[in-house]
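Next come the chains, spelled out residue by residue.
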Amino acid sequence: MNQVATELVAELRNLLDPAAVLDAAETATRPAGIWRGDALQAAALVRPRSTEEVAAVLRWCQQNAVTVVPQGGLTGLVHGADAGPDQVILSLERMRTIEDINPQQRTATVQAGVVLQALQEAAETQKLMFPLDLGARGSATLGGAAATNAGGNRVIRYGMMRDMVLGLEVVLADGTVVSALNPLLKNNTGYDLKQLFIGSEGTLGVITRLVLRLREQPLTHSMAFVAIDSFAQVSQFLRHMDRNLGGTLSAFEVMWRDFYALVTSPPAAGKPPIPQDYLFYVLVESQGADPELDPARFERCLASAWEAGLLADAVLAKSEADCQAFWALRDDVGQVLNGGAPIIFDISLPIGEMEQYTQALAASLNAKLEQHRLWIFGHLGDGNLHLSVQVPLADYERLRPVVEQAVYQPLAPFRGSVSAEHGIGLEKKPYLGISRSETELALMHTLKQALDPGGILNPGKVLS
Ligand code: ZN
């Protein structure tokens, strides 16, 4: 370890307790992400126990021109929490207290290091629900979910993380604590400062505590898996279900045929609930509160969709085990790793543009690449598609920019989004200009300059 790093670790240990600070070697014993094989690297990893300690660390780092990378559960997909050997990692892993669940106000007040699943379970004990849900629920932290504005499977009903945050406490780059722990649903008093930090990926401040909106826990759960022969019918089926389910539609997940075949054929564990030869498959879910009426209404909606000729085939979940099996197919995205290197995308575009876009993309990849596979699935109800393009491992580095261009450039004419929910991090920074205008980017730089003039917070992420 060089002398600068040794002094840095000693000073930070002085500032907090010695056990709160890991040096470079100790940091390197940890993986860089839950889906990554490489090790974390940093000059030090600091684990404050309180907002005051976070403030002390940031104040010290600003004064000493040391850059800081805030980290949550390391479940991100865009290299938004990558750190380098001269940087300090700020982990909120010792700030894991659920401070309050208020069933009357239907709010939770939590420290930023609380794991998503822990809040989901705590809310359930009060017959409430925290509706953000995603595959990494057991690792993702609420501070990280807010900093990256996480999405997931039920955005169609409850929105993204942005829509679930009522108040935040944030520490600015100079150590100033901005406490905006608003518990009110309606509070129209000037600039909505919390929204500035939500989705800013740790570049404007470090979120330390949150007030989150809880919802009533649904009491019924109906699901079906259907096959559809044309994209136009998929979009008609979405409107049909949303209109007739009276506000209880909670998920509408679509899989293109190749992805469905992938997750229902060996080596995948999933079995096909419907034959594999239709063009589109939809997992549709409704959550309600009336055990007498809800399942019957859901079946009626499906029956009327069938009578209207929208469906080619359909299976209704008969049990919770069926529901879990349907979700397991949708969530078995790890299958894209078999047999090559996947390049994954989470784009957003108007539903009216999707069919043409996906067909043009397939044609352009066929023209540009010899050996590859394309899988498409996603949260169609939110206009969000996940694309996975698999190329031979040996060609990955060379082909990656070719594939990125093929995916992103056609989004430009209608201002599609290069990131619906994963964020920008380092990975999508070169393509931010496809989704954001010059004036929007200039305003982002102005905000960054105003809040972090020394550029110590997660430098190089989102903006250069
Ligand atoms: Zn997703």
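Here the structure is shown first, and the text comes after it.
Residues numbered from 1 in each chain as written. Predicted model: local features only at pLDDT ≥ 70, side-chain atom pairs only at ≥ 80, totals over all residues. Heavy atoms only, no water.

### Observations concerning the side chain of Q120
Here Q120 is to be found in helix α4 (residues 116-124). Using a relative accessible area of 11% as the deciding quantity, one classes Q120 as buried. There is a polar contact of 2.9 Å between the side chain of Q120 and the backbone oxygen of L132. Those residues in contact with Q120 that lie beyond four places of it in its chain are F130, L132, D133 and R137. (Helix = DSSP H or I, 4+ residues; strand = E, 2+ residues; numbered from the N terminus. Buried < 20%, exposed > 50% of the residue type's maximum accessible area, 1.4 Å probe, protein only. Polar contact = N/O pair within 3.5 Å; in protein donor to acceptor, adjacent residues only side chain to side chain. Contact = heavy atoms within 4.5 Å.)

### A short note on the layout of surface pockets
Counted as a void, the second largest pocket has a volume near 930 Å³. What lines the second largest pocket is a set of 38 residues, and nearest its centre among them are G199, S200, R436, M444 and V462. Of the residues contributing to the lining of the second largest pocket, the split by class is 14 nonpolar, 16 polar and 8 charged. (1 Å grid on protein atoms, 1.4 Å probe; cavity = no way out; pocket = protein on both sides within 12 Å on 5 of 7 lines; lining within 4 Å. Points joined across faces, edges and corners; volume = space filled by probe spheres on them. Nonpolar A, V, L, I, M, F, W, Y, C, P; charged D, E, K, R; others polar.)

### Considerations on the pairing of strand β3 (residues 68-71)
Successive side chains on a regular strand alternate, one facing one side of the sheet and the next facing the other. Where burial is concerned, the two faces of β3 agree: the one with V68 and P70 and the one with V69 and Q71 are both buried. As defined by bridge partners, β3 adjoins strand β4 (residues 88-91) across 4 bridges and the pair is classed as parallel. Bridged to Q71 within β4 is S91. (Pairing = 2+ DSSP bridges.)

### Notes on the sheet that holds β3
Across the sheet, which stays open at both edges, the 4 strands sit in the order β1-β2-β4-β3 with mixed pairing between neighbours. Edge positions in the sheet fall to β1 (21-23) and β3, since each has one partner strand and no second. Looking at each pair of strands side by side, their axes are set apart by 20° on average, direction ignored. Two strands pair when backbone bridges link them, and strand β2 (residues 44-46) and β4 are joined in this way by 3 bridges, in the parallel orientation. Bridge pairing links V46 to L90 in β4. Those strands touched by helix α1 (residues 3-15) are β1, β2 and β4, and its axis lies near 170° from that of β1. (Axes fitted to C-alpha atoms, helices over the stretch in contact; angles between N-to-C directions.)

### Observations concerning the packing of helix α8 (residues 231-244) against helix α12 (residues 351-368)
Packed helix pairs are characterised by how far apart their axes lie and by the angle those axes make with each other. Where α8 contacts α12, the two axes come as close as 10 Å, and the packing angle between them is 155°. In terms of orientation, α8 and α12 fall into the roughly antiparallel class. Both α8 and α12 take part in a crossing whose hand is right-handed. Here F231, S235 and L238 of α8 lie close against α12, whose contacting residues are I351, M354 and E355. Per-class residue counts for the contact of α8 with α12 are 4 nonpolar, 1 polar and 1 charged. (Parallel < 35°, antiparallel > 145°, perpendicular 65-115°, else oblique. Left-handed = near helix turned anticlockwise from the far one by under 90°.)

### Section: the coordination of the zinc ion
Only H379 (NE2), H386 (NE2) and E421 (OE) from the protein coordinate the zinc ion, and they sit 1.8 to 2.2 Å from it. Along the chain, the residues donating to the zinc ion are arranged with the sequence spacing H-x6-H-x34-E. As far as burial versus exposure is concerned, H379 and H386 are alike and both buried. (Donors = N, O, S within 2.8 Å, 3.2 Å for Na, K, Ca; no water.)

### Focus: the packing of aromatic side chains
Considering all chains together, one arrives at 12 aromatic pairs under this definition. Where Y408 meets Y431, the ring centres are 4.7 Å apart and the plane angle is 40°; that geometry is what we call tilted. Taken together, the positions of Y408 in helix α13 (residues 396-408) and Y431 in the loop between α13 and α14 (432-435) put the pair 23 residues apart, joining distant regions of the chain. Take Y408 and Y431: they sit in the same class, and that class is buried. Chaining the aromatic ring pairs together yields one cluster made of F225, Y260, Y278, Y281 and F326. (Phe/Tyr/Trp six-rings, centres within 6.5 Å; stacked < 30°, edge-to-face > 60°.)

### Points about a nonpolar patch on the surface
Taken together, the side chains of I34, W35, L77 and I344 present a nonpolar region at the surface, about 360 Å² in accessible area. For W35, the location among the structural elements is in the loop between α2 (24-27) and β2. (Patch = residues over 30% accessible without salt bridge, like charges linked within 9 Å, V, L, I, M, F, W, Y side chains within 5 Å. Areas by Shrake-Rupley, 256 points an atom, 1.4 Å probe, with all protein chains shown as cover. Salt bridge = Lys/Arg side-chain N within 4 Å of Asp/Glu carboxyl O.)

### Quick notes on the environment of S464
On the secondary structure map, S464 appears in the segment after α15 (438-451). The class of S464 is exposed, set by a relative accessible area of 75%. When the C-alpha atoms of S464 and P430 are compared, they prove to be 9.4 Å apart, with 34 residues separating the residues in sequence. Among the polar contacts made by the side chain of S464, one reaches the side chain of K429 at a distance of 3.3 Å.

### Quick look at the packing of α1 against helix α3 (residues 51-63)
It is the contact of α1 with α3, at a shortest axis distance of 10 Å, that shows an interaxial angle of 145°. Every pair of crossing elements has a handedness; the one defined by α1 and α3 is right-handed. Here L8, E11, L12 and L15 of α1 lie close against α3, whose contacting residues are A56, V57 and W60. For the contact of α1 with α3, the class distribution of residues is 6 nonpolar, no polar and 1 charged.

### A word on empty space enclosed by the protein
To find leftover empty space, a probe the size of one water molecule is rolled over the atoms. Using the criterion set out here, one finds 1 cavity of 30 Å³ or more in the structure. The calculated volume of the largest cavity comes to roughly 40 Å³. Around the largest cavity, the lining residues are L168, V170, V178, A180, L193, K194 and F197. At the level of elements, β8 (165-171), β9 (177-180) and α7 (193-197) are the ones that each hand at least two residues to the lining of the largest cavity. Counting residues per element, the lining of the largest cavity draws most heavily on α7, at 3 residues.

### Observations regarding the pattern of salt bridges
The full count for this structure, using the stated rule, is 21 salt bridges. With a shortest N-O distance of 2.8 Å, R154 and E285 are connected by a salt bridge. Here R154, found in the loop between α5 (142-147) and α6 (155-158), pairs with E285, found in strand β14 (residues 280-288); they are 131 residues apart in sequence, far enough to count as distant. This pair shows no difference in class: R154 is buried, exactly as E285 is. Taking the shortest distance from any N to any O, the salt bridge between K428 and D346 comes out at 2.4 Å.

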